[in-house]
Amino acid sequence: MLDVHRLRVFRSVVASGSVQAAAANLGYTPSAVSQHLTALQRETGLTLLARAGRGLRPTAAGHALAAEADRVLARVGAAESLIADLRTGRTGSLSIAYFASVGEAWMPLVVRRILTELPGVRIDLQLREHIPDSREERADVQVVVADPGFEPGTGFTAQHIVDDPYVAVLPAGHPLAGHDEVDLAELAEERWVDNDFARGWCRAKLLEACTAAGFSPAFRVEAHDYRTALAFVAAGIGLTVLPALGAAHLPDGVTPIRVVRPTPIRSIHVVVHDAVAHTPAVRTTITALREAADVMPRARSGTRG
């Protein structure tokens with residue numbers, strides 16, 4: 001195996017052009033530098049340096065090894081930086097995946113908390129609706145919607161954060177707009193605006209509740225996301241039913257109302273990579289997510305605007 005320390009010495013000689021200059025830069029004696037070079041050439045079985053006047057120049061093999069040494073030393077440096085961060089209670093980077101409504105309602109608060117307490121942490125945010133099949137593609141922390149007790153996979157642990165009940169959002173002039181709550185069945189004959197083009201878990205939960213209430217909603221308009229669907233509602237086109245978190249920021253001219261009998265509910269969990277679960281960055285992230293969930297908007301009546 002190659003000795004990383006000898007690679008550093010070799011790289012210094014290539015950069016400085018002589019044993020004497022490399023020794024001065026490294027704080028070694030010229031004899032020590034020469035010994036490292038001799039040992040490295042013996043280990044590799046290659047002639048890496050040739051005389052050039054009073055100095056040295058790398059051979060073709062030396063050029064190739066020097067380029068590879070740069071990459072190796074950069075990776076070693078990154079690992080050493082990570083080890084130093086871990087020893088002092090920091091992690092060098094943290095990846096967080098989340099779905100859209102969490103991104104708007106929670107992530108600004110979460111990121112501010114992390115950077116306030118751990119300003120040296122680099123945060124990689126990923127908008128993602130589903131958990132990747134590949135372990136290598138998964139984030140350190142991912143906020144997901146799933147059934148209670150779901151299995152997050154080997155090497156990962158899931159923690160329940162909050163249950164998010166659905167609300168109906170109606171145009172301001174709708175006859176039900178002044179109510180505190182509405183039976184889901186009362187919305188059966190209304191014009192519905194779809195809000196989930198992906199036909200994902202959240203939409204499936206809503207359709208299950210509608211089936212339990214004895215009807216299938218007639219979607220007259222299909223929007224790609226909550227924000228667009230709410231804009232259609234504000235325009236008086238119809239109503240939309242979505243999780244309360246998705247109604248955190250409503251446009252003017254709409255009214256949110258609690259949906260009951262039954263109330264569709266989606267469960268929000270955080271999935272954590274076990275290898276980093278103990279780090280301050282992950283612990284801070286989970287605390288911040290729980291605090292954001294504690295102030296999550298609840299369904300309420302009353303017209304916006």
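Residues numbered from 1 in each chain as written. Predicted model: local features only at pLDDT ≥ 70, side-chain atom pairs only at ≥ 80, totals over all residues. Heavy atoms only, no water.

Novice: When you look at the pattern of salt bridges in this model, what are you seeing that I'm missing?
Specialist: Under the criterion given, the structure shown has twelve salt bridges. In this structure, the salt-bridge partner of Glu 43 is Arg 6, at a minimum N-O distance of 2.2 Å. With a gap of 37 residues between them, Glu 43 in helix H3 (residues 30-44) and Arg 6 in helix H1 (residues 4-16) connect regions that are remote in the sequence. Note on Glu 43: relative accessible area 37%, which makes it partly exposed. Across the pair Asp 164 and Arg 266 runs a salt bridge, and its minimum N-O distance is 2.9 Å. Taken together, the residues span a long stretch of sequence, with Asp 164 in strand E6 (residues 156-171) and Arg 266 in strand E12 (residues 265-273) at a distance of 102 residues. (Salt bridge = Lys/Arg side-chain N within 4 Å of Asp/Glu carboxyl O. Helix = DSSP H or I, 4+ residues; strand = E, 2+ residues; numbered from the N terminus. Buried < 20%, exposed > 50% of the residue type's maximum accessible area, 1.4 Å probe, protein only.)

Novice: What am I meant to see in the packing of aromatic side chains here?
Specialist: Geometrically, a pair of aromatic rings is defined through the distance of the ring centres and the angle of the planes. This structure, assessed with the given rule, holds two aromatic pairs. With 6.0 Å between their ring centres and 85° between their planes, Trp 192 and Phe 219 make a pair best called edge-to-face. One end of the pair, Trp 192, is in strand E8 (residues 192-194); the other, Phe 219, is in strand E9 (residues 219-222), and 27 residues separate them in sequence. For Phe 219, a relative accessible area of 21% puts it in the partly exposed group. Counting every residue linked through ring pairs, the aromatic cluster contains Trp 192, Phe 215 and Phe 219. (Phe/Tyr/Trp six-rings, centres within 6.5 Å; stacked < 30°, edge-to-face > 60°.)

Novice: How should I be thinking about the environment of Ala 52 in this particular structure?
Specialist: Checked against the element boundaries, Ala 52 lands in strand E1 (residues 49-52). Assessed through its relative accessible area of 37%, Ala 52 is described here as partly exposed. Once the C-alpha coordinates of Ala 52 and Asp 194 are considered, the two residues, 142 residues apart in sequence, prove to be 75 Å apart.

Novice: Help me out: how do you make sense of unusual backbone geometry in this one?
Specialist: Most peptide bonds adopt trans geometry, and most residues besides glycine take a negative phi value. Cis geometry marks the peptide bond from Arg 261 to Pro 262; its omega dihedral reads -10°. You can see Pro 262 is positioned in the loop between strand E11 (254-260) and E12. Inspection of the secondary structure assignment puts Arg 261 in the loop between E11 and E12. Take Arg 261: its relative accessible area is 55%, and that puts it in the exposed class.

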